[in-house]
Amino acid sequence: MKKIVAFSGSNSPESINEKLIQSVIERYSDYDIRFIDLKKFDVDIFSPQILADGIPKQIQQLYTIFEESEGFIIASPEHNGLPTAFLKNTLDWLSVITQRFFGNKPVFLLSTSPGVTGAKTQLALLEKLVPIWGGQVRATHSLGSFKENFDIQTNTISNIEELEKLDKAFYAFVKTDYKPKKTNAEVVQAYFNAFQQGDLEAVMNVFHPECYIVSVKEEERPTEQLHGIYRTRNEARQFLNNIVSLFETKAFNVETIMEAADNLVVAKGTFSHLVKSSGKLFNSNWVQLCIVEDEMVKEYRFYEDSAALIEASTIEYA
């Protein structure tokens, strides 16, 4: 990838996000990364009245730079859980020229903060918004505890683990065989699709190798017991086998899949299982909570009507 544009969403002369951007440019100097100082393109807060006088020259110049670039690296600070007003104003003006001002090009989103979260809240928000503006978000990276993890003197990340994460994200951004990242909801939908088709191997592949599963109640369980805690992908297989050994699924309906904050996906629906031991139908509403990581389900919690299961499991003798 050539002609990568990098900028910070801060208008502070001492911006730590700008320092992070500069360190990225230095670390990957083999790539053609051009830093632009967004402060030099600052304009009045957008309003229809100002727009009536025409698009400011600075914004037109910035849009030309965007058109000539092949990718973008953006380091965005967080103000009260949101991107800065300064960055949003710049993007508002660009969207007047065209809504998809990133031109269907790859984007790498960065953030850092003095706190441990590394401005993740606004980064997650930007990750959802950038595609609306025509950007393909290929990678994100947030650096928490800036003072502890960044060496001002050498202008580099001092934490080796964070550097490794940055390298992984950067090369995902620039690689030519990139495949669009699944949304968290798409990951969970893939799980349901495989489950409904009876493709247990595909279901297994959706689970993270270090997954944590809670079936109805969060407590340890005997191996053959369905409800309880399962750990790792190996035990996820046992979870599925327990379901198959206990039930014959007659219907499994997914009504809602909804993304929430912190990679949480909430789903709900209904099912009808035939309980093999009793021959009775177990009908229930269900709710599933999933935490998605690296396009896999890292944490899985499933809740159903336990009383209905007890009733359906009871064997009646004549």
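Look up a bit, the structure's there.
Okay, so let's go over this structure.

Analysis parameters
Residues numbered from 1 in each chain as written. Predicted model: local features only at pLDDT ≥ 70, side-chain atom pairs only at ≥ 80, totals over all residues. Heavy atoms only, no water. Pairing = 2+ DSSP bridges. Helix = DSSP H or I, 4+ residues; strand = E, 2+ residues; numbered from the N terminus. Axes fitted to C-alpha atoms, helices over the stretch in contact; angles between N-to-C directions. Contact = heavy atoms within 4.5 Å. Phe/Tyr/Trp six-rings, centres within 6.5 Å; stacked < 30°, edge-to-face > 60°. Buried < 20%, exposed > 50% of the residue type's maximum accessible area, 1.4 Å probe, protein only. Lys NZ or Arg CZ within 6 Å of the ring centre and 35° of its normal. Salt bridge = Lys/Arg side-chain N within 4 Å of Asp/Glu carboxyl O. Core = buried A, V, L, I, M, F, W, Y, C linked by side-chain atoms within 4.5 Å. Expected span 1.5 Å × (residues − 1). Arc of directions from axis to C-beta. Polar contact = N/O pair within 3.5 Å; in protein donor to acceptor, adjacent residues only side chain to side chain. Right-handed = clockwise from strand over helix to strand, strands pointing away.

### Here we look at the sheet that holds strand S3 (residues 71-75)
Next, step 1: In spatial order, the strands read S2-S1-S3-S4-S5; together these five strands make up an open sheet with parallel pairing. Every other strand in the sheet has two partners, leaving strand S2 (33-35) and strand S5 (135-143) as the edge strands with one partner each. Averaged over all neighbouring strand pairs, the angle between strand axes comes to 20 degrees, with direction disregarded.
Next, step 2: Looking at chain direction, strand S1 (residues 4-8) and S3 are connected through five bridges and run parallel. Paired with phenylalanine 7 across the strands is isoleucine 74, a residue of S3.
Next, step 3: The strands that helix H1 (residues 16-27) touches are S1, S2, S3, strand S4 (105-112) and S5; relative to S4, the one it contacts most, it runs at about 125 degrees.

### What about the packing of aromatic side chains?
Next, step 1: Overall, the coordinates contain 33 aromatic pairs when judged by the stated rule.
Next, step 2: Consider the rings of phenylalanine 101 and phenylalanine 102, whose centres lie 4.9 Å apart with planes at 45 degrees: the pair is tilted. You'll find phenylalanine 101 and phenylalanine 102 in the same group, each marked buried.
Next, step 3: Considering the side-chain rings of tyrosine 191 and phenylalanine 192, the 5.4 Å spacing of their centres and the 65 degrees angle between planes classify their relative orientation as edge-to-face.
Next, step 4: Note on tyrosine 191: relative accessible area 4%, which makes it buried.
Next, step 5: The ring of tyrosine 230 carries arginine 221 above its face, with NZ or CZ at 3.6 Å from the centroid.

### Description of the pattern of salt bridges
Next, step 1: One pass over the full model with this rule turns up 16 salt bridges.
Next, step 2: Notably, a salt bridge pairs lysine 19 with glutamate 14, separated by 3.7 Å at the nearest N-O pair.
Next, step 3: The partly exposed category is assigned to lysine 19, whose relative accessible area is 21%.
Next, step 4: When salt bridges that share partners are traced, they join Glu18, Asp37 and Lys39 into one network.

### Some points on the nonpolar core
Next, step 1: By size, the foremost hydrophobic cluster in this structure holds 34 residues, and its most contacted members are Tyr191, Phe207, Ile213, Phe239, Phe282 and Tyr300.
Next, step 2: It is helix H8 (residues 184-196) that provides the largest number of residues to this core, a total of six residues.
Next, step 3: Excluding its chain neighbours within four sequence positions, the residues that come into contact with tyrosine 300 are Tyr191, Phe207, Tyr212, Ile213, Val214, Phe239, Gln288, Leu289 and Cys290.
Next, step 4: Counting 27 residues, the second largest nonpolar core, distinct from the first, contains Phe7, Leu38, Phe66 and Leu94.

### Topic: the environment of isoleucine 243
Next, step 1: Structurally, the position occupied by isoleucine 243 is in helix H10 (residues 232-246).
Next, step 2: Given a relative accessible area of 11%, isoleucine 243 falls into the buried group.
Next, step 3: In sequence terms isoleucine 243 and glutamate 224 are 19 residues apart; their C-alpha atoms lie 9.9 Å from each other.

### Some thoughts on helix H3 (residues 57-68)
Next, step 1: For H3, spanning 12 residues, the distance from its first C-alpha to its last is 17 Å, which sits close to the expected 16 Å at 1.5 Å a residue.
Next, step 2: Looking at H3, one finds that the buried residues are Ile59, Leu62, Tyr63, Ile65 and Phe66. Down the axis of H3, the smallest arc covering the buried residues is 155 degrees, so these residues share one side.
Next, step 3: Looking at the buried positions of H3, the neighbouring elements they touch are S1, S2, S3, helix H4 (85-97) and S4.

### With respect to the side chain of asparagine 184
Next, step 1: By secondary structure assignment, the location of asparagine 184 is in helix H8.
Next, step 2: At 3.2 Å, the side chain of asparagine 184 and the side chain of asparagine 263 are in polar contact.
Next, step 3: Contacts of asparagine 184, omitting those with residues within four sequence positions, involve Glu259, Asn263, Val265 and Val292.

### Remarks on unusual backbone geometry
Next, step 1: Even without being glycine, aspartate 262 reaches a positive phi, approximately 55 degrees.
Next, step 2: We classify aspartate 262 as exposed; its relative accessible area is 69%.
Next, step 3: Positive phi, close to 60 degrees, is recorded for glutamate 295, a residue that is not glycine.
Next, step 4: Note on placement: glutamate 295 falls in the loop between strand S12 (281-293) and strand S13 (296-304).

### Here we look at the pairing of S3
Next, step 1: For S3, the tally of buried residues reaches five of five residues, placing the bulk of the element in the interior.
Next, step 2: Where burial is concerned, the two faces of S3 agree: the one with Gly71, Ile73 and Ala75 and the one with Phe72 and Ile74 are both buried.
Next, step 3: Pairing of S3 with S4 involves four bridges; the strand directions are parallel. Residue pairing in the sheet places isoleucine 74 in a bridge with leucine 109 of S4.
Next, step 4: The handedness of the S3 to S4 crossover, carried by H4, is right-handed.

By themselves, these observations are geometric and do not establish any function.
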